[in-house]
Structures are given as structure tokens and as C-alpha cells.
Amino acid sequence: MESVVERKFAVEIIYNGITKKVEVDGEEQVAAVLQKAIAEFHITQNSHLLSLYRQDGSLVPENESVERAGIKPREVLLLRPNAVKGGNGLLKLASGVLQETFRMLRVCGRGECECAVYWMGPSDSDLVNGVDHPLHQRSAFGYEVNDRWLTDLWNRLASSRRSIKAQVHTHPGEAFHSATDDTWPIVAQEGFISIVIPDFATGQVSLKNTWIGRLREDGRWHRLGSPEQAICRV
Amino acid sequence: MNALEQLGRTILLCRDYSSDTVSDAQICQRFQSVRVLCAADKLNLSSRSGQTCLTTMVALLSRMGMQVSLAIPETSMIQQQLPFVGPLLRSSLLASSNRFIAGATVQQDDSRHKPDLIFVLGDSGIEDSSSPTWRLSGQEWCGRITQETTHAPSWASDWPIGAMVSAALAAGEAFKYVMRCLPLRNHEDHIFFEPSVASNWDFGSIGIREGELDLGEVDIVSAGAITQATLYALLRVPALRMRGRVFDDDVTAATNLNRNMLSVVSDVGSKKALLVASRCSPNFKFTPMHQRFSIEESRVQELAPYVLVGVDDIPSRWQVQRCASGVLIVSGTSHFSISSSCHVPGAPCSGCQHPVDDLGGPTAIPTISFISFWAGLAMAVRFIRHAVGAPYLVGRQHLWLTPLRMDQPHAALWSPVVPIPNCPVGCLSSRRIST
């Protein structure tokens, strides 16, 4: 006799101590289940920060189907805030990216001009595995990216399914985000990372003394306490 | 300084569910208009646990701005019940009127006003129970409240944890009463605020040897709501001693009074580290460090074998974890829930538990007395258990508790902490899975 695996079944989701049953389909994305749960509990505030957790403390991956995530009928899942989401995940920096970044900034800036590069990677992941150096005008007090180069870049990104993960630029002295930096990021999406390197990147090849910020939903920049809050090495 | 300002964070928490048509002043007024009668007889107040249960309940209710009346006999304080001061229990509770929140009075019951809610300790008798009434009972490590008329045992134990559990359960019921009086944004959200006919919580019983309990050296990072609740709880444990440092660069604000269990109105403006160290003296010998904890500090002097972290700032938790070589206990709150975890060398660390900074920025955090208290109490229990060699097993490394509907089977979830490959601390446990 063939065993039949039910495709549709119910799971129990807990929020604020209350348990509700939610119907799921094995092929459904966990992200969709999460949205159902959020709707079931009528959560309207900061719902984007919520995730589903198993009773063993592990996070249920949202980019998997219910079946692939291993969710079983009647399984109890906890709906609770996930700080990871607030941070939009960590950028995973491939080997050599940081060295290449400093090399480009130093060669172009020559210790006397500001310069910028963009960290690039596949659109569907947090991986950073390339550095793009834009055509730009430069001075000791700023840089301006060439419009035509920008248009070409967007075309290239679309065809290669890659995206800009972070902008990195130099300042003459101290690392900070200027009003211009605040207003004109190359990507104005929530979670975008901006890094400012002091002393025209002539110092140590490290993000230790840099300014690192993340763009918030309200368009303001949130300065991060350390590079580890935005970036990890792979 | 007024109650609206002092209850600002409590009002903010209510905003999670209250209708936008209600003003802050109306929410504040709703809390202040609640009358709670606390009743107990001499027998139930003749133990440390009974006195702790009553004082904790009064403190938690007052810090929500409520009006408390007492139907209790005068009796001697068996032990200090800070921040209540004085040799007599009833007198010191009455003297706390307006000391926690402006307008939150503690008065002797005169039967002129019908209470909205009644809380009765153990098997104490009560004349009138026409208002919703709960009996508070418990044992060393567990507490219970019930509306049922079944017999509740009297308070007799010296050990105070269960007493504080039942006080916190009672405070939760009082809070839900206020929420039921407010219009909610969504009618179905009433489910979170339904009264519990009976609820209980058990931290798990362990044996404690009689005599002095010396917890040794401890460093405390943050002297805010969580660690004040922890120290409030530990101060009530008989013959408990410890020493160490308290790090905090902040001063007490009016908005802290709704939850900082060792602080009173006159403390506003005072340095938190200094306040905590002086209030815990002479039982606990703390050196106040009016500064943020830094890695440099740990180079000057290594962190103590036990570190209690109550700081909200997640990167600060990572920093402490990087420097800690012993047991790290972290507690925090998130709206109506608490998170409490313990991290020993080699096990998944607090970076695995809280991997990325919350980017909300320095905005006002919604909090309320009894939620912060649960977080601190859970930390105190973990600390004691470790110190006496009976820590929770791995499956209870993390506690996620929502003390609203403690009558529900999933009000709390214990779980292990799962190591993550991108642990910001880079702990041993995370490195093992990365390789």
C-alpha cells in the first residue's frame, strides 16, 4: 500500500502566548506562511521584523518551501521578532574584496582626492564578490559619478543579475557621512550599506576605523557600531 | 514631573493594541483610575515569602500608576524589602505612596471605594469579594494565582522566588484589566488580554543548602530595569552575598520609574550605577562604574566569573561576550515578551542568540513594570542556579516568555541556543559549525 503524504496540513503558531492553527501547503514558501500568521494575529506594527522559530530555537528559513524546510503537520512554531531582519542580513565579503577596494581607492585617489567604489554581487544573495570603480570626477572635497557610466552600469546589472551591495568612498581626514552622502546614495533602498574610509584609504587595509551606516526605512542613515554588524568574511 | 511622563513607556506599550482614537492622557488616566485591593492576614505575612509577595505586588502595581489599598495588619518587617524602608511592613508600604509614580497612592483600605480588582495572599480571609478576586499562592520556586475558590495554602517559606512569581502574575492580570477597559485597534486582539482564571509558573525546584549563599564575584553591565529587577529579587534571598562592579553611564530618568525596581521619584537625575551600588549595600558590595563597559576596561581588569547583561544595545552584548571568560547571563524584553539566556564557554554565545543589531535606533522602547520584572527574575534564577551548581540543561538555554496569558500552554518556550555560522562574536561554537 502506498503511503500518502498530505500536502495540506495545519501547523500551530504561537504569538504573545496565544496559539492559532494555520493551514499550509507543502509547496508553499515559508515566507507565505509567515504572512498568513501575521495576518491571523492582525499584526500591523513592525511585522517585517517577525520570523518563525522552531521549538529547538532554530529559525525557519523563509526562502524554502514548507516541505524543504521540514515543517511537519501539527508542528508548533513561534512567531517572534528577529533582529536579523532588522539588519537585513550580513554582507558576505569574498576573499580579496577588501584588498581590491583599498587598492582602487589608493591608486585613483593618490592620497589627495576622494574616490568611490561599489561592492557588487549576485542579486539573489548577500555575497559581495566584485568591486566596480565608477568613472567619476574627483577632488579633495568630493567626487561625482559620470551619468553615462551610471546608465551603462544599470544595464549591465540587469543583464548579469547582479546588484550593488554597498558604496565605499574615501574622505580626506575623519570618516563620517556628510549631508551629501546622506542625500545621494547610489541605491536608496532600505538596508543599503554605505562605508566611508578615512585618510583617502592610505591607512591599514581594514574596516576598523571606517564609518559604516545602513539606510533605514524612513530614509535616514543608522550608523552601525562595528563592521561586524553589516559584514562578515567568507 | 508628572505621571504622563513617568508612564510614557507603559503608554507606548499599550499603543501596540490600543485604538488611535485614545490619547496618551486617556491611557494614563485609565491606569491611574484602577483601584486594587491587596489583602492578607497575619499568618500569611509572617514569612519572608508572604512579605515579599505583597511588597513586590504593590511595587509592580504602583509602577503602573494604579491606586493600591491595603487590608493587612501591621507587622514587623522580617527582612529589608527595598526600596520600601522602615521596620514595619504596612507603614513602609503606605509610605511608598507617590514614591514610584506621581499620583500612584498606597492607602489603608477604608471600604469607601469598591475595588476594581482584589488580590488575596494565600488562605487569608476576605470580607467582600464582589470584585474579580485572585488568590496568590506558591512555593519556593513556583507561584500561582487563581480565581477559583479552592483552598490556597498560606505563605510560609523563607525562599522568595515563588512569591515574586505570583506577584508578577497578579500584576499581569491588573494590566490586562486596564487593556480591557481601553478601545483596541482590532477587536480580536482582546484575546491577549482576557483574564486568567488560574495561572502558574514554575522555574524548577532545586535544593539550596541552609546558611550563607555566596555568589562570589559578578560584573553587571547596565544598571537599568532588567538588572534592577534581578538585584531586587536577589536582595530578598536569605543570606545571599556577592560583590563586583556595576557598569552604566546613564542617569535615572523620569521615564525609568515605570520599571526600575530599585528607583524612586527622588532618584531622578542620579547616576544609575551609583544608585544601584548604594541601594544594594551592605548585602552586596558593588563598585559603581559610571561608564559604559568597554573592551579597554576588560584589559585593565578581567571580567568576573559571572556577568549579568541587561543592556538593550546588542553590539554591547557582543562586546561583553567577547571579553567574558565565565558565565554570561543576558535578559531583555521585546514588547510583551522577555528573552533570557545563559552562555557558558564553549556553548552557543549571546552573539548566536542576538546575531545582528536592531536598527531601530535610539528610539523610546515600550516597557512596563511586570514584563521587565519577569526578565530580571529569570536572570536572578539562572544566576542562583549556576552559582549552586544546578544550571538549566542545554534545552533550557533560552527562555522566551510572554506573561500575558500565562494560563495558555505556550506562554513560555524553552529552547537551546542554536550556533550560527555568522556569529558576530565568532564564538567557538559557531566556528565549529563553520568548519
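Please read all numbers here as calculations on a predicted model, not as lab measurements. (Residues numbered from 1 in each chain as written. Chains lettered and ligands numbered in written order. Predicted model: local features only at pLDDT ≥ 70, side-chain atom pairs only at ≥ 80, totals over all residues. Heavy atoms only, no water.)

Participant: Honestly, the environment of I371(B) in this entry has me stumped. Any pointers?
Facilitator: Residue and element names in this part refer to chain B. Within the secondary structure layout, I371 lies in helix α12 (residues 369–387). Along the backbone, I371 and V388 are 17 residues apart, and their C-alpha atoms lie at a distance of 26 Å. Other than its neighbours up to four places away in sequence, I371 contacts T333, H335, F336, S337, I338 and P403. (Helix = DSSP H or I, 4+ residues; strand = E, 2+ residues; numbered from the N terminus. Contact = heavy atoms within 4.5 Å.)

Participant: What is the right way to read empty space enclosed by the protein from this model?
Facilitator: Rolling a probe over the atoms, with the probe sized like a water molecule, indicates the empty space that remains. Considering all chains together, one arrives at 3 cavities of 30 Å³ or more under this definition. Looking at the largest cavity, its volume works out to about 130 Å³. For the lining of the largest cavity, the element with the highest residue contribution is strand β2 (residues 67–71) of chain B, accounting for 3 residues. For the lining of the largest cavity, a count of residues per class yields 3 nonpolar, 6 polar and 3 charged. Its boundaries defined by the atoms lining it, the second largest cavity holds a volume of some 60 Å³. Together, Y53(A), R54(A), Q55(A), G57(A), L78(A), R80(A), H398(B), W400(B), L413(B), W414(B) and S415(B) line the second largest cavity. The dominant element in the lining of the second largest cavity, judged by the number of residues it contributes, is strand β15 (residues 412–415) of chain B, at 3 residues. Considered class by class, the residues forming the lining of the second largest cavity number 5 nonpolar, 4 polar and 2 charged. (1 Å grid on protein atoms, 1.4 Å probe; cavity = no way out; pocket = protein on both sides within 12 Å on 5 of 7 lines; lining within 4 Å. Points joined across faces, edges and corners; volume = space filled by probe spheres on them. Nonpolar A, V, L, I, M, F, W, Y, C, P; charged D, E, K, R; others polar.)

Participant: Looking at this structure, I do not really get the nonpolar core. What am I missing?
Facilitator: A general feature of soluble globular proteins is that nonpolar side chains tend to end up buried together. In this structure, F175(B), F203(B) and W374(B) are the most contacted members of the largest nonpolar core, which totals 143 residues. Both domains that furnish three or more residues to this core are identified here as domain 1 (3–202) and domain 2 (213–434) of chain B. Once residues within four sequence positions are removed from consideration, F175(B) is found in contact with C14(B), F31(B), M64(B), M66(B), F193(B), F336(B), I368(B), F370(B) and L404(B). One finds A166(A), I197(A), A201(A) and A230(A) within the second-largest nonpolar core, a separate group that totals 25 residues. (Core = buried A, V, L, I, M, F, W, Y, C linked by side-chain atoms within 4.5 Å. Buried < 20%, exposed > 50% of the residue type's maximum accessible area, 1.4 Å probe, protein only. Domains from an automatic or database assignment.)

Participant: Looking at this model, I keep getting lost on unusual backbone geometry. Mind explaining?
Facilitator: Residues apart from glycine generally show negative phi values, whereas peptide bonds are mostly found in trans. Of note, the bond from L82(B) into P83(B) is cis; its omega dihedral lies within 30 degrees of zero at 5 degrees. P282(B) follows S281(B) through a cis peptide bond whose omega is 10 degrees. One can find P282(B) in the loop between α8 (272–280) and β10 (284–289). For A201(A), which is not glycine, the phi dihedral falls at a positive 65 degrees. You can see A201(A) is positioned in the loop between β12 (193–197) and β13 (211–215).

Participant: Before we go on, may I ask you to explain the packing of aromatic side chains in this structure?
Facilitator: Note on aromatic pairs: each is described by the distance of the centres and the angle between the planes. The full count for this structure, using the stated rule, is 24 aromatic pairs over all chains. Summarising the aromatic geometry, the rings of F31(B) and F175(B) are spaced 6.1 Å apart at their centres and angled 20 degrees between planes, so their arrangement reads as stacked. Residue F31(B) is located in helix α3 (residues 24–32), and its partner F175(B) is located in helix α6 (residues 161–181); the two are separated by 144 residues in the primary sequence. Since its relative accessible area comes to 0%, F175(B) is described here as buried. Ring geometry for Y232(B) against F373(B): centres 5.7 Å apart, planes inclined by 85 degrees, an arrangement best described as edge-to-face. Here Y232(B) is found in helix α7 (residues 225–234), whereas its partner F373(B) is found in helix α12, with 141 residues between them in sequence. Taken as a pair, Y232(B) and F373(B) share a single burial class, namely buried. Through pairs of rings, three or more aromatic residues link up here, namely Y15(A), F41(A), Y17(B), F31(B), F175(B), F192(B), F193(B), F336(B) and F370(B). The ring of Y392(B) carries R385(B) above its face, with NZ or CZ at 4.0 Å from the centroid. (Phe/Tyr/Trp six-rings, centres within 6.5 Å; stacked < 30°, edge-to-face > 60°. Lys NZ or Arg CZ within 6 Å of the ring centre and 35° of its normal.)

Participant: So what exactly am I meant to see when it comes to the sheet that holds strand β12 (residues 327–334) of chain B here?
Facilitator: Residue and element names in this part refer to chain B. Pairing is mixed in the open sheet, where 8 strands are placed in the order β10-β9-β8-β11-β12-β13-β14-β15. Each of the sheet's edge strands pairs with one partner strand only, and the pair in question is β10 and β15. Taking each pair of neighbouring strands and ignoring which way they run, the sheet shows an average axis angle of 15 degrees. Where strand β13 (residues 337–343) lies against strand β14 (residues 398–401), 4 bridges are found, and the strand directions are antiparallel. Looking at β14, one finds that S340 is bridged to L399. Along the sheet, α8 makes contact with β9 (240–247) and β10, crossing β10 at roughly 165 degrees. Sheet contacts for helix α10 (residues 314–323): β8 (213–221), β11 (306–309), β12 and β13; angle to β12, the most-contacted strand, approximately 170 degrees. (Pairing = 2+ DSSP bridges. Axes fitted to C-alpha atoms, helices over the stretch in contact; angles between N-to-C directions.)

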